[in-house]
Amino acid sequence: MDTAVIIVAAGRGSRMGGPVPKQWQMLAGRPVLAHTAAAFAGMPLVLVIHPDDRARAEALGLDARLVDGGATRDASVLAGLQALEGTGVSRVLIHDGARPLVSRALIQRLIGALHYHEGAAPALAVTDALWRGVGGLVTGTQDREGLYRAQTPQAFRLAPILAAHRAHPGGAADDVEVARAAGLDVAIVEGEETNLKLTFPGDFARAEAILKGREMDVRMGNGYDVHAFCEGDHVWLCGVRVPHGKGLLGHSDADVGMHALTDAIYGALAEGDIGRHFPPSDPQWKGAASHIFLAHAIGLARSRGYDLGNCDVTLVCERPKIGPHAIEMQAELSRIMGVEVGRVSVKATTSERLGFTGREEGIAALATALLVRS
Ligand code: MG
């Protein structure tokens, strides 16, 4: 992974009050910084701290490089950037330690924007009317057109932002200001209302409510599909080619099990079914391999912050016999979705020779998927 994260956590947080700086206060049972770091799990992490906080930082047990910050935010960021020099990292996200609720989806949007820009940062357009005031009285209004509320993480290619920080005289509000002073282009990426910066004591209650809501967000969906037998010598089931005296008829590869599972994931997201995302009327999907559909569905789930809790697929047919292939099917589905094999179940049943599956006219499949937002 060539994108690293610098979490800036060296400030003393004078507006919050309390016995310890805000980034070390407890939020839902853990220090704020533990939540912030967890949002970037899997990425190389530099944690810039006040030298007095080193013991606290070590107690977090993070796989992170600890760097002492400077007297100002600029100096702290520069120290973090210098720690990444020569490590092979080419992009960096610079984030405030006091924004613990940043989502994976926002992180992905920022990294994506770096393909086209030297910098990218999240912001929300100002929607409230703006006033000027003195002494509790309104003295004028301010046009809000083109005004944004800036957030972090702010994302940059490493070499230009490091050079920009070295050249900057200091006193910048954020890293976008430093980047722009050096002539870098910075794209505005849609921010998130929930990506709040803990500033005042009431912000902790709001952050805890948001975290609680996230913990509770579990979604399930089901899928059902049928394909008829036709001439052929094999069928595709759950991504595995199974030799058989017949084939399965369909617009794509007719992988009935994978279709049911894909529909279950779309269902959990309230996103319709395969036909909505890959219309059968569109010739580009004729004969398509069904892993494209499944990968799209799980990607859509992840883009919304969900991951697969588990899934269960049942194939209904007299023949071919599924048992000898079930483990390979399980492995193939887990590979396509990027989840551990223990979260994926594939099993089969007959219908006691009753109905269309019993008469071996086709195969039916049912699937259930559980999505969890963490
Ligand atoms: Mg189908």
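Note that this is a predicted model, so its numbers are computed, not measured. (Residues numbered from 1 in each chain as written. Predicted model: local features only at pLDDT ≥ 70, side-chain atom pairs only at ≥ 80, totals over all residues. Heavy atoms only, no water.)

Structural notes on the pairing of strand 7 (residues 119–125)
- A large share of strand 7 lies buried, amounting to six of its seven residues.
- Judged from the two bridges that link them, strand 7 and strand 11 (residues 154–157) form a sheet pairing that is antiparallel. Across the sheet, the residue bridging to glycine 119 is phenylalanine 156, located in strand 11.
- Two elements, strand 7 and strand 12 (residues 186–190), share five bridges in a ladder whose sense is parallel. Bridging across to strand 12, alanine 123 finds its partner in glutamate 190.
- Here three bridges tie strand 7 to strand 10 (residues 148–150), and the two strands are oriented antiparallel to one another. Each bridged residue has a counterpart across the sheet, and for leucine 124 the counterpart in strand 10 is arginine 149. (Buried < 20%, exposed > 50% of the residue type's maximum accessible area, 1.4 Å probe, protein only. Helix = DSSP H or I, 4+ residues; strand = E, 2+ residues; numbered from the N terminus. Pairing = 2+ DSSP bridges.)

Description of the side chain of glutamate 192
- Among the secondary structure elements, glutamate 192 is positioned in the loop between strand 12 and helix 7 (202–216).
- For glutamate 192, a relative accessible area of 14% puts it in the buried group.
- Excluding its chain neighbours within four sequence positions, the residues that come into contact with glutamate 192 are Ser103, Leu106, Arg109, Leu124 and Gln151. (Contact = heavy atoms within 4.5 Å.)

Structural notes on the pattern of salt bridges
- This structure, assessed with the given rule, holds 21 salt bridges.
- Here glutamate 271 ties to arginine 276 by a salt bridge, and the two come within 3.4 Å at their closest N and O atoms.
- For aspartate 307, the salt bridge goes to arginine 302, with nearest N and O atoms at 3.0 Å.
- Owing to a relative accessible area of 32%, aspartate 307 belongs among the partly exposed residues under this scheme.
- Salt bridges sharing common partners tie together Arg73, Asp96, Arg99, Asp175 and Lys197. (Salt bridge = Lys/Arg side-chain N within 4 Å of Asp/Glu carboxyl O.)

Let's talk about the packing of aromatic side chains
- Enumeration over the complete set of coordinates arrives at two aromatic pairs.
- Taking 4.7 Å as the distance between ring centres and 85° as the angle between the ring planes, the aromatic pair formed by phenylalanine 278 and tryptophan 285 counts as edge-to-face. Considered together, phenylalanine 278 and tryptophan 285 belong to a single accessibility category, that of buried residues.
- A centroid spacing of 4.7 Å and a plane angle of 45° characterise the contact between phenylalanine 278 and phenylalanine 293, whose relative ring orientation is tilted. Within this pair, whereas phenylalanine 278 is found in the loop between helix 9 (274–277) and helix 10 (291–303), its partner phenylalanine 293 is found in helix 10, the two being separated by 15 residues in sequence.
- Here a set of aromatic residues connected by ring pairs shows up, and it is made of Phe278, Trp285 and Phe293. (Phe/Tyr/Trp six-rings, centres within 6.5 Å; stacked < 30°, edge-to-face > 60°.)

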